[in-house]
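# Understanding the architecture of this molecule
Residue strings, one per chain:
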Amino acid sequence: MLELRRAEPSASLWREREAYADRLLFHTPPWLRFVAEAQRAEPVLATVHDGAATVGHFTGLITKRFGLRILGSPMAGWTTSYLGFNLLPGVSRHAALAALPAFAFGQLGCAHLEVRDRFATPGDLDGLGMRWADAPTAVIDLSPSEDQLFGAMASACRRNIRKASRSGVIIEEAHEDPTFADDFYDQLRDVFAKQNLVPTYSIDRVRQLIRNLEPSGRILLLRARDPEGRCIATAVLPWYHRTMYFWGGASYRPDQHLRPNEALIWHALRWARERGVTEFDFVGGNSYKEKYGTTEVPVPWARHSRSPLVAGLRDAAKEAFALRQRTLARFTRSGPADDGRPATRASRSI
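Keep in mind that what you see is a predicted model, and the values were worked out from it rather than measured.

## Some thoughts on the overall build of the protein chain
Looking only at helices and strands, the protein chain has nine helices and 17 strands in total. Out of the 350 residues in the protein chain, the part that is buried amounts to 51%. The long-range share in the protein chain, meaning contacts at least 24 apart out of those at least 6 apart in sequence, stands at 74%. Summed over its atoms, the accessible surface of the protein chain is roughly 16000 Å², and 52% of this surface lies on carbon and sulfur atoms.

Encoded structure:
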């Protein structure tokens with residue numbers, strides 16, 4: 001049986017964690033600072049032990065809801081794709097997940113936990129008594145040549161990339177640009193408005209992400225500009241180790257005929273590949289992503305509560321949030337946009 005023991009952050013601990021082949025951006029100090037700031041949460045680091053030997057690490061954060069301590073690794077709504085474990089080769093993720101409730105409910109005093117581990121499978125949850133839902137993602141293997149990557153895309157996608165180039169769409173990288181978050185969020189509001197919704201987070205979330213990741217150089221911010229120089233689309237792409245992630249993207253609907261979305265993704269794929277990144281993760285699976293030549297990867301999102309009452313509170317909170325979003329959307333549609341102009345419609349994120 002494995003055991004989790006809470007560990008205090010230190011330079012030596014971070015160095016040890018960086019040696020694991022399954023490490024992700026979401027396990028790093030800049031990302032944890034971002035989530036802690038955005039969610040007012042307390043980071044939790046733990047070592048995984050098999051007897052006297054350290055065989056892995058766990059990453060999560062503690063937040064409070066209804067006065068109860070909750071361990072998220074991560075929680076839905078944190079705009080954080082995965083957390084979970086880093087384990088040495090051959091160490092069972094089933095055994096690590098089996099040890100997690102005792103750590104969460106015992107050492108940490110939490111009433112509820114959630115975990116989405118990028119390398120866990122549904123089989124790793126067998127017999128653990130956890131509720132889980134399939135949360136697949138779509139990835140692109142960047143190890144083939146650039147020509148092979150382009151050829152693996154649907155023919156319509158390739159035509160759109162060529163059309164963007166012929167139409168004069170320019171992709172530019174933003175660096176230390178305080179206006180980027182404003183451009184992205186204005187387009188994001190239009191993305192949600194198309195579905196009669198409002199964004200699930202504020203512009204502060206975008207600013208917090210950029211502020212925490214930009215100093216480490218682990219985020220690519222892209223703009224697409226039309227021939228007149230107007231920003232018509234944006235993309236936010238954190239990256240680390242072997243993977244780049246599609247955190248978010250948006251564009252104005254009247255400019256969709258210029259095909260800026262496909263141009264942004266194609267630029268990001270080549271940029272990442274040139275820097276030794278071997279995987280592009282769209283962070284979720286949707287049919288529109290298939291045109292880029294993606295492969296679907298199943299990733300379970302598991303949760304476990306100390307009691308049925310707590311599980312019910314969690315479900316109620318989810319429904320309350322959905323109701324709040326619908327109410328805010330109705331309120332927003334009843335009046336003008338923040339700047340007094342009617343809201344511009346836009347496409348869904350890339």
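## What about helix H3 (residues 93-107)?
End to end, H3 covers 20 Å across 15 residues, agreeing with the expected 21 Å (1.5 Å per residue, within 8%). Among all positions in H3, only Arg93, Ala96, Leu97, Ala99, Leu100, Pro101, Phe103, Ala104 and Phe105 are buried. Between the side-chain oxygen at the start of H3 and the backbone nitrogen of histidine 94 there is a gap of 3.2 Å, and the oxygen is on serine 92. Following H3 by one or two positions, glycine 109 has its phi on the positive side, about 70°.

## Side note on the environment of aspartate 177
Tracing the backbone shows aspartate 177 in the loop between strand E9 (170-173) and helix H6 (180-193). Exposure remark for aspartate 177: the relative accessible area of 25% places this residue in the partly exposed category. Reaching out from aspartate 177, the side chain makes a polar contact with the side chain of threonine 179 at a distance of 2.6 Å. Of note is the side chain of aspartate 177, whose polar atom sits 2.8 Å from the side chain of arginine 223.

## Notes on the packing of aromatic side chains
On inspection of all chains with the given rule, the structure shows 13 aromatic pairs. Ring centres of phenylalanine 26 and tryptophan 31 lie 4.8 Å apart, and the angle between their planes is 90°; this geometry places the pair in the edge-to-face category. Relative accessible area serves as the criterion here: at 2%, phenylalanine 26 is assigned to the buried category. On the basis of relative accessible area, tryptophan 31 is assigned to the buried category, the value being 0%. Summarising the aromatic geometry, the rings of phenylalanine 184 and tryptophan 247 are spaced 6.3 Å apart at their centres and angled 40° between planes, so their arrangement reads as tilted. Within this pair, whereas phenylalanine 184 is found in helix H6, its partner tryptophan 247 is found in the loop between strand E12 (243-245) and strand E13 (248-252), the two being separated by 63 residues in sequence. With a relative accessible area of 0%, phenylalanine 184 lands in the buried category. Classification of tryptophan 247 by relative accessible area gives buried; the value is 15%.

## Here we look at the nonpolar core
Counting 43 residues, the largest nonpolar core has Trp31 and Trp247 as the members making the most contacts within it. Listing elements by their share of this core, those giving two or more residues are helix H1 (11-17), helix H2 (29-39), H6, helix H7 (203-213), strand E10 (219-225) and strand E11 (231-240). The element contributing the most residues to this core is H6, with seven residues. Setting aside residues no more than four positions away along its own chain, tryptophan 247 makes contact with Trp31, Phe34, Thr79, Phe184, Tyr201, Arg205, Val206, Leu209, Val236 and Pro238. Core analysis: the next-biggest nonpolar cluster, separate from the first, contains 34 residues, Leu149, Ile161, Leu222 and Tyr292 among them.

## Structural notes on the side chain of serine 73
Residue placement: serine 73 occurs in strand E4 (residues 68-73). In this structure the side chain of serine 73 is engaged in a polar contact, spanning 2.6 Å, whose partner is the backbone oxygen of threonine 59. At 2.8 Å, the side chain of serine 73 forms a polar contact with the backbone nitrogen of glycine 84. Not counting chain neighbours up to four residues away, the residues in contact with serine 73 comprise Phe58, Thr59, Gly60, Leu83, Gly84, Glu114, Val115 and Arg116.

## Structural notes on the packing of H6 against H7
For the pair H6 and H7, interaxial distance at closest approach is 9 Å and the crossing angle is 140°. The orientation of H6 relative to H7 falls into the category oblique. Taken as a pair, H6 and H7 cross one another with a handedness that is right-handed. Residues Phe180, Ala181, Asp182, Phe184 and Tyr185 of H6 touch H7, and the partners they reach there are Ile203, Val206, Arg207 and Ile210. For the contact of H6 with H7, the per-class residue count stands at seven nonpolar, no polar and two charged.

## Comments concerning the environment of tryptophan 271
Within the element layout of this structure, tryptophan 271 appears in helix H8 (residues 260-274). According to the relative accessible area criterion, tryptophan 271 is buried, its value standing at 11%. Placed 27 residues apart in sequence, tryptophan 271 and methionine 244 show a C-alpha to C-alpha distance of 10.0 Å. Discounting chain neighbours no more than four positions away, the residues touching tryptophan 271 are Glu173, Leu220, Trp239 and Met244. Polar contacts involving the side chain of tryptophan 271 include one to the side chain of glutamate 173, which spans 3.2 Å.

Rules and cut-offs
- Residues numbered from 1 in each chain as written.
- Predicted model: local features only at pLDDT ≥ 70, side-chain atom pairs only at ≥ 80, totals over all residues.
- Heavy atoms only, no water.
- Helix = DSSP H or I, 4+ residues; strand = E, 2+ residues; numbered from the N terminus.
- Buried < 20%, exposed > 50% of the residue type's maximum accessible area, 1.4 Å probe, protein only.
- Contact = heavy atoms within 4.5 Å.
- Areas by Shrake-Rupley, 256 points an atom, 1.4 Å probe, with all protein chains shown as cover.
- Expected span 1.5 Å × (residues − 1).
- Polar contact = N/O pair within 3.5 Å; in protein donor to acceptor, adjacent residues only side chain to side chain.
- Phe/Tyr/Trp six-rings, centres within 6.5 Å; stacked < 30°, edge-to-face > 60°.
- Core = buried A, V, L, I, M, F, W, Y, C linked by side-chain atoms within 4.5 Å.
- Axes fitted to C-alpha atoms, helices over the stretch in contact; angles between N-to-C directions.
- Parallel < 35°, antiparallel > 145°, perpendicular 65-115°, else oblique.
- Left-handed = near helix turned anticlockwise from the far one by under 90°.
- Nonpolar A, V, L, I, M, F, W, Y, C, P; charged D, E, K, R; others polar.

Don't take any of this as a statement about function, it's just geometry.
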